[in-house]
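Residue strings, one per chain:
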Amino acid sequence: MPVIEAKNLSKVFGKNKKQAFKLLDQGLTKDEILEKTGATVGVNRATFSVEAGEIFVIMGLSGSGKSTLVRLINRLIEPSEGNIYIDGEDLSAMDKQELRKIRREKLSMVFQRFALFPHRTILENAEFGLEIQNVPKEEREKKAKEALEMVGLGGYLHQKPNQLSGGMQQRVGLARALANDPEVLLMDEAFSALDPLIRKDMQDELIDLQASMKKTIVFITHDLDEALRIGDRIALMKDGAIVQIGSPEEILVNPANDYVEKFVEDVDRSKVLSAHHIMKRPETVNIEKHGPRVALERMREEGLSSMFVVDSKRNLKGYITADDASDARQKGITNFQDILQNDIPKVDKETPMTEIFDMIYDSPIPLAVVENGKLVGIIVRGAVIAALAGEGEVNVDNG
Amino acid sequence: MDKVLDFIPSIPLAEMTEDFTDWLTSTFSFLFDPIKEHFGTFMETTSEFLLNIPALIIIVLVAVGAFLISGKKFGLAVFSIVGLWFIYNQGLWEQLMETFTLVLLASILSVIIGVPFGILMSKSRTAEAIITPILDFMQTMPAFVYLIPAVAFFGIGMVPGVFASLIFATPPTVRFTNLGIRQVSKELVEASEAFGSTGSQKLFKVELPMAKATIMAGINQTVMLSLSMVVIASMIGAPGLGREVLSSLQRAQVGTGFVAGVGIVILAIVIDRYTQNVNAKKE
């Protein structure tokens, strides 16, 4: 069962809600509806589910409704239509008291501008969620301290938030959210107010923390790089509607429509693509059957200056160059043993593009993509450049 | 042409108000009389208590307090010593204590009444829409007008002075409480709600602490308005420095009037700096 499930979750701000929904059904855009009814469509029938332990990223530009959507999840904003289920319980049908209980026990939130209480110390901030549940002082202090330790702020318990840097303040925000050990973390642009270097650190830290915590995280961002970095799945929003949901790779490689395509156009593809996306089928010669003469002939055919050598089970044995092969043929050598070279640059299928750059820059021959000793593909310089430019063919199916 | 205007005969608002006040006085005398009696006695006791403390001790306490709350600076402390000694020197110590009693009690009551109304206003648009014009009315009506029903309800003396001062001086506390709470950043309110706060937890753990500086600024204004009102209240027999000013006015004694006026100014400055410093320090 999914931890969070949203069904046709919608929010329209302003009057004329009914009319606005009617027009939505007729397929009018957000702007047209605003003009005709004066109502603003915040979220338009979002349907999705989030599994336990997953980092689910909701991404969109400002005004796309992502911040509204995350507030619909814990009902900080009342939905106009649709339902939201937490662990199968319908949040939208709950009275205030039940809702408070869910918020206290299952849902925690981290805010864009940290939203720390300036009149409380770091420790008191981290205690807040437990304090309002009337947890005894000793116990809540202990838990809050543990949470602060976890985010690396064990030494700042009695400072006030404004004495800390932005990155540290957001760690406190994270600790406050973790202190009452919720199932779900809602993170609303949690790292957007931080400068890029700190933001990266925080992303790494979140990923590390997640490896041990296994929380269900809904992460809101407008930054595609961030979404690709931390998301297990990404939902892309436009004008209040979810345009596409998929893994980072699916979004990038198979954009559902022009909007998504345009969105991902500028992304740094080197961060998401890895070796198997850009490798080609290798041209090889078989060490058991072929000799230098065949190798030379094949190289001439394919227009290559070197070629990988495998055995009948496609285990990679080495490579030979055209020069060596032609020398060997003149000397009448009929096998590869003497001219076989072994210093092959090898990568595996999951090696990221960023590492491939360095290797291919230094290498006179293509990179070999190897899986369990078997040659599965090669990577040539041209393919790397084409993939970065977003033009080359990118393989998805053989991933 | 004036016939058009005369079409409706003069509305007897003055008579109606009078009748209404009479009705209030007679109907609620069971309420007003005990208040007059007990609260009057309480105020007299308070000012007698203050008068029984030797002036020197009060001056020293005020100076030490000033030194502490102003962040260990000597300015306010020195001013308090010189100023209060001057009032003592002019033989106005008793009047000073009476005025101070009036201001103190009127301000405390204003805050006790004003803050809850401010909270109510901040929580409900309807309440805000109803209370705002009433506050405007209370503040713009010439202060002397309040003295008339005050006399009707409570006779003359300290109690009607406090009553008039309440009406005149409470609005800033109400307004600033409302403003302070409404100014608390939306994210902080969301944060407290997202963690499952109840309404009162949100109010006491987040909103009021965050609005404290603004509320204190309102209280500061309330105290200053109380002071100005208790001076005016001397017209209905409230004792204190105001009465000195009033009697000098009636006898055209420029000198005495000026001295009593300076006394009021000194008291005002000391009270103002005190409340402001309390505010600044706690931030």
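The shown structure was predicted, so the numbers you read here are calculated from the model rather than taken from an experiment. (Residues numbered from 1 in each chain as written. Chains lettered and ligands numbered in written order. Predicted model: local features only at pLDDT ≥ 70, side-chain atom pairs only at ≥ 80, totals over all residues. Heavy atoms only, no water.)

Moving on to the overall build of chain A. Across its full length, chain A holds 16 helices and 16 strands. The principal-axis extent of the C-alpha atoms belonging to chain A is close to 90 × 55 × 35 Å. The burial tally for chain A puts 52% of its 399 residues in the buried class. When contacts within chain A are restricted to residue pairs at least 6 apart in sequence, those whose partners lie at least 24 apart make up 66%. Looking at chain A as shown, the accessible area adds up to about 18,800 Å², and 45% of this sits on carbon and sulfur atoms. Averaging the locations of the 53 positively and 64 negatively charged side chains of chain A gives two centres separated by 4 Å. (Helix = DSSP H or I, 4+ residues; strand = E, 2+ residues; numbered from the N terminus. Buried < 20%, exposed > 50% of the residue type's maximum accessible area, 1.4 Å probe, protein only. Contact = heavy atoms within 4.5 Å. Areas by Shrake-Rupley, 256 points an atom, 1.4 Å probe, with all protein chains shown as cover. Lys, Arg positive; Asp, Glu negative; His and termini not counted. Charge placed at Lys NZ, Arg CZ, Asp CG, Glu CD.)

The next subject is the packing of helix H6 (residues 93–123) of chain B against helix H7 (residues 125–140) of chain B. All names here are of chain B. Following both chains from N to C, one finds H6 and H7 inclined at 130°, their axes separated by 6 Å at the closest point. In terms of axis orientation, H6 runs oblique to H7. Along the contact surface, H6 presents Phe117, Leu120, Met121 and Lys123, while H7 presents Arg125, Ala127, Glu128, Ile131, Thr132 and Leu135. Of the residues contributing to the contact of H6 with H7, the split by class is 6 nonpolar, 1 polar and 3 charged. (Axes fitted to C-alpha atoms, helices over the stretch in contact; angles between N-to-C directions. Parallel < 35°, antiparallel > 145°, perpendicular 65-115°, else oblique. Nonpolar A, V, L, I, M, F, W, Y, C, P; charged D, E, K, R; others polar.)

Moving on, we get to the interface of chain B and chain A. Residue-level contacts link 16 residues of chain B with 27 residues of chain A. Interface of chain B and chain A: buried area, both sides summed, is about 1,800 Å²; carbon and sulfur atoms make up 62% of it. Per-residue buried area on chain B facing chain A is highest for Glu187, Phe195 and Lys205 of chain B; these three make up 39% of the total on that side. Applying the counting criterion to the chain B and chain A interface returns 2 salt bridges. With a closest N to O distance of 2.6 Å, lysine 205 of chain B and glutamate 131 of chain A form a salt bridge. Along the contact surface separating chain B from chain A lie 9 residue pairs in polar contact (both at pLDDT 80 or more). Mapped by element, the contributors of at least two residues to the side of chain B that touches chain A are helix H10 (186–194) and helix H11 (199–232) of chain B. (Buried area = accessible area lost by both parts, 1.4 Å probe. Salt bridge = Lys/Arg side-chain N within 4 Å of Asp/Glu carboxyl O. Polar contact = N/O pair within 3.5 Å; in protein donor to acceptor, adjacent residues only side chain to side chain.)

All names here are of chain A. Burial along strand S6 (residues 107–110) is two-sided: Leu107 and Met109 and Ser108 and Val110, pointing in opposite directions, are all buried. Where S6 and strand S7 (residues 184–188) come together, 4 bridges link them in parallel fashion. Counted as the bridge partner of serine 108 is leucine 185 from S7. (Pairing = 2+ DSSP bridges.)

Here we take up the nonpolar core. Ile4, Phe48, Leu69, Met187, Val218, Phe219 and Ile379 of chain A are the most contacted members of the largest nonpolar core, which has 104 residues in total. Per element, the largest residue contribution to this core is 6 residues, and it comes from helix H7 (residues 166–179) of chain A. Contact partners of leucine 69 of chain A, with chain neighbours within four places excluded, come to Leu9, Val43, Ala46, Phe48, Ile58 and Met237 of chain A. Core analysis: the next-biggest nonpolar cluster, separate from the first, contains 61 residues, Ala127, Ile131, Leu135 and Val174 of chain B among them. (Core = buried A, V, L, I, M, F, W, Y, C linked by side-chain atoms within 4.5 Å.)

Glancing now at the sheet that holds strand S13 (residues 316–321) of chain A. Paired through backbone hydrogen bonds, the strands of a sheet run either parallel or antiparallel to each other. All names here are of chain A. Pairing in this open sheet of 3 strands is mixed, and the strands run S11-S12-S13 from one edge to the other. In this open sheet, the two strands that pair with only one neighbour each are strand S11 (284–286) and S13. Direction aside, neighbouring strands of the sheet carry axes that sit 35° apart on average. In this fold helix H13 (residues 292–302) packs onto S11, strand S12 (306–310) and S13, with an angle of close to 130° to the strand it touches most, S12.

The subject of this paragraph is unusual backbone geometry. All names here are of chain A. With phi around 50°, aspartate 181 is a residue other than glycine that occupies positive phi space. Assignment of secondary structure puts aspartate 181 in the loop between H7 and S7. If you check the backbone angles, lysine 214 has positive phi at about 55° while not being a glycine. Positionally, lysine 214 belongs in the loop between helix H8 (196–213) and strand S8 (216–221). Using a relative accessible area of 56% as the deciding quantity, one classes lysine 214 as exposed.

All names here are of chain B. There is about 1,000 Å³ of room inside the largest pocket. Taken together, 33 residues make up the lining of the largest pocket; nearest its centre are Tyr146, Pro149, Phe153, Phe163 and Ile167. Of all elements in the fold, only helix H2 (13–27), helix H3 (29–52), H6, H7, helix H8 (147–154) and helix H9 (158–183) reach the threshold of two or more residues within the lining of the largest pocket. At 8 residues, the largest contribution of residues to the lining of the largest pocket is made by H2. Considering only residue class, the lining of the largest pocket consists of 28 nonpolar, 3 polar and 2 charged. In this model, the second largest pocket occupies a volume close to 600 Å³. (1 Å grid on protein atoms, 1.4 Å probe; cavity = no way out; pocket = protein on both sides within 12 Å on 5 of 7 lines; lining within 4 Å. Points joined across faces, edges and corners; volume = space filled by probe spheres on them.)

It is worth spelling out the sheet that holds strand S14 (residues 346–347) of chain A at this point. All names here are of chain A. In spatial order, the strands read S14-S15-S16; together these 3 strands make up an open sheet with mixed pairing. Single-partner strands in this sheet number two, and they are S14 and strand S16 (374–379). With 2 bridges joining them, S14 and strand S15 (residues 367–371) adopt parallel strand pairing. Paired with valine 347 across the two strands is valine 369, which belongs to S15. Against the sheet, helix H15 (residues 353–362) makes contact with S14, S15 and S16, and its axis sits at roughly 130° relative to S15, the strand it touches most.

Residue and element names in this part refer to chain A. Applying the stated rule across the entire model yields 31 salt bridges over all chains. Across the salt bridge formed by lysine 106 and glutamate 89, the nearest N and O atoms sit 3.6 Å from each other. A residue pair is termed long-range when its members are at least 10 positions apart, and lysine 106 in the loop between helix H4 (96–105) and S6 and glutamate 89 in strand S5 (residues 89–90) qualify at 17 residues. For lysine 106, a relative accessible area of 18% translates into the label buried. Glutamate 89 gets classed as partly exposed once you look at its relative accessible area, which sits at 37%. Between arginine 140 and glutamate 127 there is a salt bridge; the shortest N-O distance is 2.9 Å. Of the two residues, arginine 140 is situated in helix H6 (residues 137–150) and glutamate 127 in helix H5 (residues 122–131); the sequence distance between them amounts to 13 residues.

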